[in-house]
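Residues per chain, in single letters:
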Amino acid sequence: MAANSSSTGSKSSNSSGGKQSGPSAEQVVATFQRMRQEQRSMASKAAELEMDINEHSLVIDTLKEVDPSRKCFRLIGGVLVERTVKEVLPALENNKEQISKIIESINSQMQTKGRELTEYRERYNIRLVGEGEGEEKGQSAAPSRDSEGGGSKSGAGVLVS
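A brief report on the enclosed structure follows. Here the residue index of a chain counts from 1 through its sequence in written order. Only residues with pLDDT of at least 70 get local features here, since the model is predicted, and only at 80 or more are side-chain atom pairs given and counted; chain-wide, interface and lining totals rely on the full set of residues. Side-chain metrics rest on all non-hydrogen atoms present in the structure, leaving aside hydrogens and water.

### Looking at the packing of helix H2 (residues 25–64) against helix H3 (residues 85–124)
Interaxial angle, 0 to 180 degrees, is taken between N-to-C directions of lines fitted to C-alpha atoms, where a helix line uses only the stretch in contact. Think of it this way: any DSSP run of H or I at least four residues long counts as a helix, any run of E at least two long counts as a strand, and we number them from the N terminus. Contact geometry of H2 with H3 gives a least axis separation of 8 Å together with a crossing angle of 160 degrees. One way to sum up the angle between H2 and H3 is to call them roughly antiparallel. Pair H2 / H3 crosses with left-handed handedness. Throughout, the ten residues Ala, Val, Leu, Ile, Met, Phe, Trp, Tyr, Cys and Pro are labelled nonpolar, Asp, Glu, Lys and Arg are labelled charged, and all others, Gly among them, are labelled polar. Each residue belonging to the contact of H2 with H3 can be placed in one class, and the counts come to 23 nonpolar, 10 polar and 11 charged. By the definition adopted for this analysis, an angle is roughly parallel if under 35 degrees, roughly antiparallel if over 145, roughly perpendicular if from 65 to 115, and oblique otherwise. Helix crossings get a hand from a simple test, with the near helix turned counterclockwise from the far one by less than a right angle marking a left-handed crossing and a clockwise turn marking a right-handed one.

Quick look at the structure:
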């Protein structure tokens, strides 16, 4: 019994020693996955806004060929309102410009997030599955796959799928 309690005590001291030097492997992976998800959601939003710009461009091109006094309908906040082309066209062009500015902002935020992800990967030696298999040194990759959470060393990297 004494051997069991001493081995359990040594395991807990090892894990607490690892936590003092930095976050655990699970925390590193969770933070990395969260950062990747944030970047993906930004890219998704940018793509959605690009589609909105394309729709705006299509409508603007169509309305430019129409008589300015002609009636048209516009959906504003879920309400369909009747306007004339000369009233709607400038508003659509303004909306298109605003959407373009938002896309530029999102793209710059994505670049910043990409740099943060790269720094985070380098700091914690994170490798993605299938990445750099031809250039691995073999010393930390094989033991980390075989041990499956059997304690992480500070020099060993984190493998993320």
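### Observations regarding a nonpolar patch on the surface
The patch calculation keeps residues exceeding 30% relative accessible area without a salt bridge and links them within 9 Å when they carry like charges or within 5 Å when they are nonpolar (Val, Leu, Ile, Met, Phe, Trp, Tyr). Exposure was quantified through the Shrake-Rupley algorithm and a 1.4 Å probe, taking into account, for residues, occlusion by the shown protein chains and nothing else. One side-chain nitrogen of Lys or Arg within 4 Å of one carboxyl oxygen of Asp or Glu is enough to make a salt bridge. A surface patch of nonpolar side chains, amounting to about 370 Å² of accessible area, comprises Phe 73, Leu 75 and Leu 80. Mapping Phe 73 onto the fold places it in strand S1 (residues 71–76). The exposed category is assigned to Phe 73, whose relative accessible area is 53%. The buried label applies to any residue whose accessible area, calculated with a 1.4 Å probe on protein chains only, is under 20% of its type's maximum; exposed applies above 50%, and partly exposed to all values in between.

### Quick notes on the packing of aromatic side chains
In this scheme Phe, Tyr and Trp rings, the latter by its six-membered ring, pair at centre separations within 6.5 Å, and the angle between planes marks the pair as stacked below 30 degrees, edge-to-face above 60, and tilted otherwise. The final tally for this structure, using the stated rule, is one aromatic pair. Ring plane angle 55 degrees and centroid distance 4.9 Å describe the contact between Tyr 120 and Tyr 124, whose orientation is recorded as tilted. With a gap of four residues between them, Tyr 120 and Tyr 124 both fall in helix H3, about one helical turn apart. Note on Tyr 120: relative accessible area 8%, which makes it buried. Residue classification places Tyr 124 among the partly exposed positions, given a relative accessible area of 23%.

### Thoughts on the pattern of salt bridges
Applying the stated criterion across every chain, the model contains six salt bridges. Residue Glu 38 pairs with Arg 34 through a salt bridge whose shortest N-O separation is 2.9 Å. Taken together, the residues span about one helical turn, with Glu 38 and Arg 34 both in helix H2 at a distance of four residues. With a relative accessible area of 44%, Arg 34 lands in the partly exposed category. With a closest N to O distance of 3.8 Å, Glu 48 and Lys 45 form a salt bridge. Separated by three residues within a single helix, Glu 48 and Lys 45 lie in helix H2, roughly one turn from each other. By relative accessible area, Lys 45 is classed as partly exposed at 38%. Each of Arg 34, Glu 38, Lys 113 and Glu 116 takes part in one network of salt bridges that share partners.

Function-wise, these values are silent; they only describe arrangement.
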